[in-house]
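One-letter residues, chain by chain:
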Amino acid sequence: AMAGAARRLLRRGLGVAAGPPSTRQLREAEEAAPVFQYAGKAAKRKDRVFVWGFSYSGALGVPSFVKPDEGWKKPRRIQPTPYRLETEEKISSAACGYGFTLLASNTRDITKVWGMGLNKDSQLGFQRSRRDQTKGYEYVLEPSPIPLPLEKPQQTRVLQVSCGRAHSLVLTDSEGVFTMGNNSYGQCGRKVVEDEIYSGSHLIHQLKEFDSRVVQVVCGQDHSLFRTKKGTVYACGWGADGQTGLGHYNITSVPTKLHGDIAGVNIIQVSSYGDCCLAVSDEGDVFGWGNSEYLQLASVTETTQVNVPRHLPFKIGKVKEAACGGTGNIVLTEEGNVFVWGYGILGKGPNLIETAVPEMIPPSLFGWSDFSPDTRVAHVRCGLSQFAALTNRGELFVWGKNLRGCLGTGRMEDQYFPWRVTVPGEVVDVACGVDHMVSMVRSFT
Amino acid sequence: MAAAELAGVFAVYKPAGVAWGRVREAVETRLLRELNAAPGRAPRQQVRFLPASAPGGGGAVGLVAARLPVLADHPLVRGPRFKKLKIGAGHRLDVKASGVFVLGIGHGNKLLTDRYNCHLTRVYTVGGLFGKATDDFSETGNLVEKTTFDHITREKLERILAVIQGTNQKALLMYSNIDMKTQEAYELAVKGLIRPMGKSPPIITAVRCLQFALPEFQLEIHCLHETQQYLRKMVHEIGLELKSSAVCTQVRRIRDGVFTVDDALPRTQWNLQSIQEAIQSCQLKVETELEKTLGHGENSLLHQLGEGWRHS
């Protein structure tokens, strides 16, 4: 029963009856709705850097963790989960030292390397303090550019960086290797100066005399290893555990070629972080030298300090990559299997504490299953007492001692078998340190 | 009689657009109709002495013995023999979803509780459509936004699915309440047997892309403790991750424990005969499954996970 006027309006087509929208009206409203575009067809994936671990030394590069912006906020001592670090350029190589970090980019710009963290031995170069122009910062809280004395700064590219206990190495493509930091054992490749003061030092040494171009630099705790294109290995630094592999237990201050079992062998990868070193040849053999107190080299010798490279006759298949930690070692074979040996939390539960012979970690712990049989480990990395494995799906698995939250799992307990770290992106590379880690990640879309 | 013998667990295919309660009632009505249609006991006979006129002279009424059925046993007096059947439902399906729906009859309802305590995974086929987002994540909801989707490739979708699987893998280990520092936890993790045996939020154990043809795609999802609305929300979130939007067009359960789509009875077979055959054929499968998970033997999962779970 409508009022006469309303009914007349409807009949003339001037009024519209209200009611729930009909299907046709809904469909038309849907077709008329605007379409939003959030990503175009050529949208590129973004490269990001995530950091986690102990932050008080400034090694994570986030100043608000150490000195908060507001007075009432408390400093954050540990970052237990991955935290995004804003960088100006795409970071292609990162390295974690003992309380400091180096980030390097592949760019041709003048600023190629940034450093943050501990700088008491000028391992990050000279960072001029703003309060006193003559002194340098002892703790660098933000990624700060490191001024390298390059001849052609707008043409040379930095390929790789590496950090040890108190020294760092920067590898360039055409100007050799730059070393900085503590040199009390000759680890920077220059003559040891008695009573040298390393804090606030401007000295960055350049090393060019190798038999061919250097393609990889590795820092141990107080020694340095250089691998050249021809497959030879050079070493300098402290040798009391035989980690220089030169046949003696003395200090070496000039990079010297290694012989022993690797003489004439084409080495494709070298690795070290503590006092033990591993090298992988192109045929898949593993060679080791250095400290063997934790059974790292016990498969070939009973001595605890091995100062000449020895071949480790493991029957595990062709080895693709090796990584050395403080007390444990890890290798990755061509088939994608991961083997661990040494001492500590090795990744096979709390019962396996030490072994001299490599033990395989089952691939099902890295995400392999009947549903995804193609999942395999692509890279392995080692910190001082942690291990990290990257799969071909871009997932990061960590295990080992959770020193000051360096595993990034969000908990403070040790992890006895591989555990996935939740990172919002595909992890491309990870660098492990003593108590912090840095990862290079690409976003999903 | 037949109702007491009818006991066990069987699966029915629930069509979309029907509430699960109606399906259960429809099966119950059909079974009751067939059970009541079967001829029952013959009515009791009684001997009645009926008056009948004597063949001799009038007035004298004699009694004739006659065998008559007792009126109290007449079907119109007694009513139908079976008025209700105890039919219980397993994991429920909401109105818009379809697929395998497990029902239990009589003593089989006890097996339903045991199946719930097994915490096994269920498999769904979920269909999605890129390009729009609605408020209840399905195609019939109110439109929220329309977006472009031509930048989506199968590779990007599979990357997102891999991440979903990885985070849910972690959730599986976390909610299973096992101490990560023990050797047993390591061994169970290697075998892939760690599972939450108590209450937990929905966890997805495996996802796979079956079909991909823009704007439509279809996923196969294995999950635990889920609801169908959670799966629709997951499709919506996949759309958001890919910088577009998606709605869920179809949720179909293809497996619930040991019952697959092949074991589920379609509507034409919701009768007594087929249900009895279905119960018979699935009985062995269900018992082995329960024994393997909840049994008292050495190999059962419950025994391996520890005594604490028996009471959860």
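Rules and cut-offs
- Residues numbered from 1 in each chain as written.
- Chains lettered and ligands numbered in written order.
- Predicted model: local features only at pLDDT ≥ 70, side-chain atom pairs only at ≥ 80, totals over all residues.
- Heavy atoms only, no water.
- Helix = DSSP H or I, 4+ residues; strand = E, 2+ residues; numbered from the N terminus.
- Polar contact = N/O pair within 3.5 Å; in protein donor to acceptor, adjacent residues only side chain to side chain.
- Core = buried A, V, L, I, M, F, W, Y, C linked by side-chain atoms within 4.5 Å.
- Buried < 20%, exposed > 50% of the residue type's maximum accessible area, 1.4 Å probe, protein only.
- 1 Å grid on protein atoms, 1.4 Å probe; cavity = no way out; pocket = protein on both sides within 12 Å on 5 of 7 lines; lining within 4 Å.
- Points joined across faces, edges and corners; volume = space filled by probe spheres on them.
- Nonpolar A, V, L, I, M, F, W, Y, C, P; charged D, E, K, R; others polar.
- Pairing = 2+ DSSP bridges.
- Axes fitted to C-alpha atoms, helices over the stretch in contact; angles between N-to-C directions.
- UniProt positions renumbered as here; feature names shortened; annotations may be inferred.
- Contact = heavy atoms within 4.5 Å.
- Parallel < 35°, antiparallel > 145°, perpendicular 65-115°, else oblique.
- Left-handed = near helix turned anticlockwise from the far one by under 90°.
- Buried area = accessible area lost by both parts, 1.4 Å probe.
- Salt bridge = Lys/Arg side-chain N within 4 Å of Asp/Glu carboxyl O.

### Some thoughts on the side chain of A:Ser443
- By the secondary structure assignment, A:Ser443 is in the segment after strand E29 (436-442).
- Within the local environment of A:Ser443, its side chain forms a polar contact with the backbone oxygen of A:Thr445, the two atoms lying 3.3 Å apart.

### Here we look at the nonpolar core
- B:Phe10, B:Val27, B:Leu31 and B:Ile221 are the most contacted members of the largest nonpolar core, which has 46 residues in total.
- Take this core: its biggest share by element is five residues, from helix H2 (residues 20-37) of chain B.
- A:Val340, A:Leu352, A:Phe366 and A:Ala389 belong to the second largest nonpolar core, which has 27 residues in total.

### Topic: unusual backbone geometry
- For the peptide bond that leads from B:Leu214 to B:Pro215, omega is -5°, which places it in the cis range.
- One non-glycine residue with positive phi stands out, namely A:Ser122, at about 55°.
- Turning to its location among the elements, A:Ser122 is positioned in the loop between strand E6 (113-118) and strand E7 (139-145).
- Residue A:Ser122 is classed as buried on the basis of its relative accessible area of 4%.

### Section: the layout of surface pockets
- Size it by volume and the largest pocket reaches roughly 1400 Å³.
- Residue lining of the largest pocket: 45 residues in total, with B:Leu172, B:Lys191, B:Gly192, B:Leu193 and B:Thr205 positioned closest to the centre.
- Those elements that provide at least two residues to the lining of the largest pocket are strand E27 (415-421) of chain A together with helix H5 (154-175), helix H6 (183-191), strand E9 (203-213), helix H8 (272-294) and helix H9 (301-305) of chain B.
- Take the lining of the largest pocket: its biggest share by element is seven residues, from H5(B).
- Of the residues in the lining of the largest pocket, the class split is 19 nonpolar, 16 polar and 10 charged.
- Size it by volume and the second largest pocket reaches roughly 740 Å³.
- For the second largest pocket, the lining is made up of 36 residues, of which A:Ala94, A:Gln160, A:Gln216, A:Val218 and A:Arg381 are closest to its centre.
- For the lining of the second largest pocket, the secondary structure elements donating two or more residues are strand E4 (91-96), strand E8 (158-163), strand E12 (214-219), strand E16 (267-272), strand E20 (319-324), strand E24 (377-382) and strand E28 (426-432) of chain A.
- In terms of residue class, the lining of the second largest pocket is made up of 23 nonpolar, nine polar and four charged.

### Focus: the sheet that holds E4(A)
All names here are of chain A.
- If you walk across this open sheet you meet the four strands as E4-E5-E6-E7, and the pairing is antiparallel. Sheet topology places E4 and E7 at the edges, where each strand pairs with a single neighbour. In this sheet, neighbouring strand axes are inclined to one another by 10° on average, regardless of whether the strands run parallel or antiparallel.
- As paired elements, strand E5 (residues 100-105) and E6 share five bridges and run antiparallel to each other. Across the sheet, residue Ala104 finds its bridge partner in E6, namely Val113.

### Focus on the UniProt feature "repeat: RCC" (unreviewed entry) in chain A
Residue and element names in this part refer to chain A.
- Within the UniProt annotation, "repeat: RCC" (unreviewed entry) is assigned to residues 47-107, 111-174, 175-230, 231-283, 284-335 and 394-443.
- End C-alpha to end C-alpha, residues 284-335 measures 12 Å, and it is 0% helix and 50% strand.
- Secondary structure content for residues 394-443 is 0% helix and 52% strand, and the end C-alpha separation is 10 Å.

### Looking at the environment of B:Arg159
- Position of B:Arg159 relative to the elements: it lies in helix H5.
- Placed 23 residues apart in sequence, B:Arg159 and B:Thr182 show a C-alpha to C-alpha distance of 32 Å.
- Beyond its immediate chain neighbours, meaning those up to four positions away, B:Arg159 contacts A:Arg45, A:Glu426, A:Ser443, A:Phe444 and A:Thr445.

### Section: the packing of H5(B) against helix H7 (residues 228-241) of chain B
Residue and element names in this part refer to chain B.
- H7 packs onto H5 with a crossing angle of 125° between their chain directions and a minimal axis gap of 10 Å. One finds that H5 runs oblique with respect to H7. The crossing of H5 and H7 is right-handed. Where H5 approaches H7, its residues Leu157, Ile160, Leu161 and Ile164 are matched on the opposing element by Met234, Ile238 and Glu241.
- Among the residues forming the contact of H5 with H7, the class breakdown is six nonpolar, no polar and one charged.

### Describing empty space enclosed by the protein
- Inspection of the entire model under this criterion finds two cavities of 30 Å³ or more.
- Lining the largest cavity are 14 residues, and of these A:Gly394, A:Glu395, A:Arg420, A:Gly425 and B:Val163 sit closest to its centre.
- With three residues, the top contributor of residues to the lining of the largest cavity is H5(B).
- When grouped by side-chain class, the residues that make up the lining of the largest cavity number seven nonpolar, two polar and five charged.
- In this structure, the second largest cavity spans a volume of roughly 40 Å³.

### Let's talk about the interface of chain B and chain A
- Contact with chain B, which involves 33 residues of that partner, is made by 37 residues of chain A.
- Taking both sides of the interface into account, the surface hidden between chain B and chain A amounts to around 3400 Å²; carbon and sulfur atoms contribute 61%.
- Linking chain B to chain A there are two salt bridges.
- Remark: the boundary between chain B and chain A carries 12 residue pairs in polar contact (both at pLDDT 80 or more).

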